[in-house]
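# Architecture at a glance
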Amino acid sequence: MLSGNAGAIFVVLYATILGLPVPFAPVHLLFINLLTDSLPAIAIGLEPNNKNTMKDRPRDIRTPLLNKAFTTQVILEGLLIAIATAVAFEIGLSTGDTLTASTMAFTTLCLSRLIHGFNSRSKQSIFAIGVFSNKYTWLAFLIGFVALHVVLFVPSFTGIFEVAALSGAQLGFIYSLSFMPFLVNQWFKLLFVRSK
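Residues numbered from 1 in each chain as written. Predicted model: local features only at pLDDT ≥ 70, side-chain atom pairs only at ≥ 80, totals over all residues. Heavy atoms only, no water.

Once that is clear, we can look at the environment of E47. Within the element layout of this structure, E47 appears in the loop between α2 (26-45) and α3 (68-93). Between the C-alpha atoms of E47 and N134, which are 87 residues apart in sequence, the distance is 5.8 Å. Discounting chain neighbours no more than four positions away, the residues touching E47 are R121, I129, S133, N134 and T137. (Helix = DSSP H or I, 4+ residues; strand = E, 2+ residues; numbered from the N terminus. Contact = heavy atoms within 4.5 Å.)

Here is the structure:
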């Protein structure tokens, strides 16, 4: 949740500093907070027990929850999500339509945060703990994915959520960009995080 929110903040700062249009409508942020924060968080709360957990050394009581390593991780993951979202926003702006740009940014942020739920399951790679070992993560992703596409394609919702019609090419950019933070995160975990 923290890295996803950091990503949204970074995109807003990016747009503000460069004098670009506002990337998200208030209703977009409400949808993001209600859907892409809650569903993956609930699913991760239902993660199966890890028998190696008791092998970890206890955290020093004087160590703050937001220590340097954790804060760095949140910021870096937030930057990855922000970069994907900002690129989608710029692709949308290149059409000359700010509503398309906003829709692309909103959709990319939503989808990348839903996918990021898989990254957040463990310090290890998802391939080390099992891609399908938590069915609730997949259920959360599917519910979020369907709800997002209802907002994008059902006419009675497009006006309420202030989204533009997207082309197949634009959706292709969104899907690709949303998946990139996941790939970078998993690549890092596979190379640098030891399995227990």
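Now, onward.
Tracing the backbone through its elements, the reader meets T108 in helix α4 (residues 98-119). Since its relative accessible area comes to 0%, T108 is described here as buried. Beyond its immediate stretch of four places on either side in the chain, T108 contacts A84, T85, A88, I174, L177 and S178. (Buried < 20%, exposed > 50% of the residue type's maximum accessible area, 1.4 Å probe, protein only.)

On the surface, a nonpolar cluster with roughly 460 Å² of combined accessible area is contributed by I42, L46, Y136, L139 and I143. Per-element accounting of the nonpolar patch gives the leading share, three residues, to helix α6 (residues 135-153). Relative to the helices and strands, I143 resides in helix α6. (Patch = residues over 30% accessible without salt bridge, like charges linked within 9 Å, V, L, I, M, F, W, Y side chains within 5 Å. Areas by Shrake-Rupley, 256 points an atom, 1.4 Å probe, with all protein chains shown as cover. Salt bridge = Lys/Arg side-chain N within 4 Å of Asp/Glu carboxyl O.)

Let us look at the environment of G117. Note that G117 resides in helix α4. We classify G117 as buried; its relative accessible area is 5%. Along the sequence, G117 and A82 sit 35 residues apart, while their C-alpha atoms lie 16 Å from each other. Apart from the residues lying within four places of it in its own chain, the contact partners of G117 are P40, I44 and T137.

Of note, E162 is a non-glycine position whose phi angle comes to about 55 degrees, a positive value. Looking at E162, the relative accessible area reads 41%, which means it is partly exposed.

This paragraph deals with the side chain of S112. Relative to the elements of secondary structure, S112 occurs in helix α4. Given a relative accessible area of 2%, S112 falls into the buried group. Apart from residues lying up to four places away in sequence, S112 is in contact with I81, T85 and S178.

Next up on the list: the UniProt feature "transmembrane region" (unreviewed entry) in the protein chain. The UniProt entry lists residues 7-24, 69-92, 136-161 and 173-192 under the feature "transmembrane region" (unreviewed entry), expressed in the numbering used here. Helix makes up 61% of residues 7-24 and strand makes up 0%, while its end C-alpha atoms are separated by 12 Å. (UniProt positions renumbered as here; feature names shortened; annotations may be inferred.)

Of all hydrophobic cores here, the largest spans 40 residues; its most connected members are F31, F106 and L148. Only α1 (2-17), α2, α3, α4, α6 and α8 (168-192) provide two or more residues apiece to this core. With ten residues, the single largest contributor to this core is α4. Sequence-distant contacts of F31, that is, excluding residues within four places in its chain, are made with T36, F106, C110, A147, L148, V151 and F161. (Core = buried A, V, L, I, M, F, W, Y, C linked by side-chain atoms within 4.5 Å.)

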